[in-house]
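Here is what each chain is made of, one letter per residue.
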Amino acid sequence: MAKDKIVEVAGLHQRYGDFEAVRGISFEVREGELFALLGTNGAGKTTTMETVEGFRPASAGTVRVLGRDPHRERRAVRSHVGIMLQEGGLFPDLTVAETVDLWRDIVPGARPRDEVLEQVVLADRADVRARQLSGGQKRRLDLALAIVARPRVLFLDEPTTGMDPEARRTTWHTVRGLVADGTTVLLTTHYLEEAEQLADRLAIMHQGTVRVAGTVAEVLAGHGDRISFRIPPQAAVAELPRPHGAEPQVSAGGGGPVATYTLTGPPTGPGVQRALRELLDWADDRRLELAGLEARSASLEDVFLRVAGHPAVEEAHR
Ligand SMILES: Nc1ncnc2c1ncn2[C@@H]1O[C@H](COP(=O)(O)OP(=O)(O)OP(=O)(O)O)[C@@H](O)[C@H]1O
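Keep in mind the model is a prediction, meaning the values are calculated, not measured.

S.K.: For this particular structure, what's the right way to read the domain arrangement of the protein?
M.R.: Often, the extent of an interface is quoted as the loss of accessible area upon association of its parts. Each domain of the protein was delimited in the assignment, giving domain 1 (5-80 + 151-220) and domain 2 (224-297). Put simply, the middle of domain 1 and the middle of domain 2, counted by C-alpha atoms, are 38 Å apart.

This is the structure:
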């Protein structure tokens, strides 16, 4: 049976005066999954999040969270929702423990303080004042407050921005644990690796529209495999072979110019093998070395850059 749709966004438009920041986007987040909204700067991610969180009504289209309008039925929705905003509002002089206790006093059905601090890996910081925490620890305290009330749905707006790689990984561990416990998560991020690591499904936004959506595998499908190598100094660019008609793209690299071929067709299919053989035969015949030779599938970064640079709408896989 299909899982419940926890968040449903259909034909959402959002305007600021004359400017349309969100231009008719649709996506849904199903029960128990983590859905990541990625996008270029100003793509409309935060605007979308704020609408889903109920802070602003939709200019047009519909938004439902747990089957209700998150703006008009804010009270009913809020009790099931945890929100971690981009800028948390911590009291600098309260300790970590006092901060969590303050929230525990406000929300009904709060989880035990130690359990929450354990989950966000702040148990050993319980007596430290908020202002003395590192940036990453402050974000994790924001996360702790978002999960105190055992929300069914969690909205995380750039939860790891500004964190060092280790703090980011710690936060990913926490978020994975929440999803494993059945929490549905919608997050925005600028880190493609974060989406690759965490997301069951994702959407990439650009200029107010969703350009690509689906599982990571679906999003990568059709974007082609890549073969690249440093162009041997003895070879002119015009002489490079065109395996399967693929044209080399030449870019600057640390050790000299690099040729990259993008091969369309099924991912990691026979096309790559044949193209590699053709390239290697070409190099062997001329006694050339293809330094840094690499064959790989398209990455999320490849897709992201293509979306950012190409206004043509890519068909979404839903
Ligand atoms: N209150 C506002 N008034 C007018 N324009 C706004 C307002 N808030 C956002 N915008 C504009 O709407 C567009 C979308 O902004 P939004 O913050 O939703 O994008 P974003 O994808 O979250 O961007 P970023 O990745 O840079 O945080 C941007 O062009 C932004 O300048």
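From this point, the discussion proceeds with the structure in view.
S.K.: Even after reading the chapter, I still don't get the environment of Arg211, so can you show me in this structure?
M.R.: Mapped onto the secondary structure, Arg211 falls in strand S9 (residues 209-214). Separated by 138 residues in the primary sequence, Arg211 and Glu73 place their C-alpha atoms 30 Å from one another. In this structure the side chain of Arg211 is engaged in a polar contact, spanning 2.7 Å, whose partner is the side chain of Thr209.

S.K.: Whenever I open this one, the sheet that holds strand S13 (residues 294-296) confuses me. Can you help?
M.R.: Sheets are built from strands that pair by backbone hydrogen bonding, the pairs being arranged parallel or antiparallel. Read across the sheet, four strands follow the order S11-S12-S10-S13 without closing on themselves; strand pairing throughout is antiparallel. Whereas interior strands pair on both sides, the edge strands pair on one side only; in this sheet they are strand S11 (249-251) and S13. The average undirected angle you get between the axes of adjacent strands in this sheet is 20 degrees. Looking at chain direction, strand S10 (residues 225-230) and strand S12 (residues 258-263) are connected through six bridges and run antiparallel. Bridged to Asp225 within S12 is Leu263.

S.K.: Where do I start with the layout of surface pockets in this structure?
M.R.: To find leftover empty space, a probe the size of one water molecule is rolled over the atoms. Of the pockets and cavities examined, the largest pocket occupies roughly 600 Å³. Around the largest pocket, the lining comprises 22 residues; the ones closest to its centre are Val81, Ile83, Trp103, Leu145 and Ala146. Those elements giving two or more residues to the lining of the largest pocket turn out to be strand S5 (81-84), helix H3 (96-106) and helix H5 (135-147). Top contributing element to the lining of the largest pocket by residue count: S5, with four residues. For the lining of the largest pocket, the class distribution of residues is 15 nonpolar, four polar and three charged.

Rules of the game
Residues numbered from 1 in each chain as written. Predicted model: local features only at pLDDT ≥ 70, side-chain atom pairs only at ≥ 80, totals over all residues. Heavy atoms only, no water. Domains from an automatic or database assignment. Helix = DSSP H or I, 4+ residues; strand = E, 2+ residues; numbered from the N terminus. Polar contact = N/O pair within 3.5 Å; in protein donor to acceptor, adjacent residues only side chain to side chain. Pairing = 2+ DSSP bridges. Axes fitted to C-alpha atoms, helices over the stretch in contact; angles between N-to-C directions. 1 Å grid on protein atoms, 1.4 Å probe; cavity = no way out; pocket = protein on both sides within 12 Å on 5 of 7 lines; lining within 4 Å. Points joined across faces, edges and corners; volume = space filled by probe spheres on them. Nonpolar A, V, L, I, M, F, W, Y, C, P; charged D, E, K, R; others polar.

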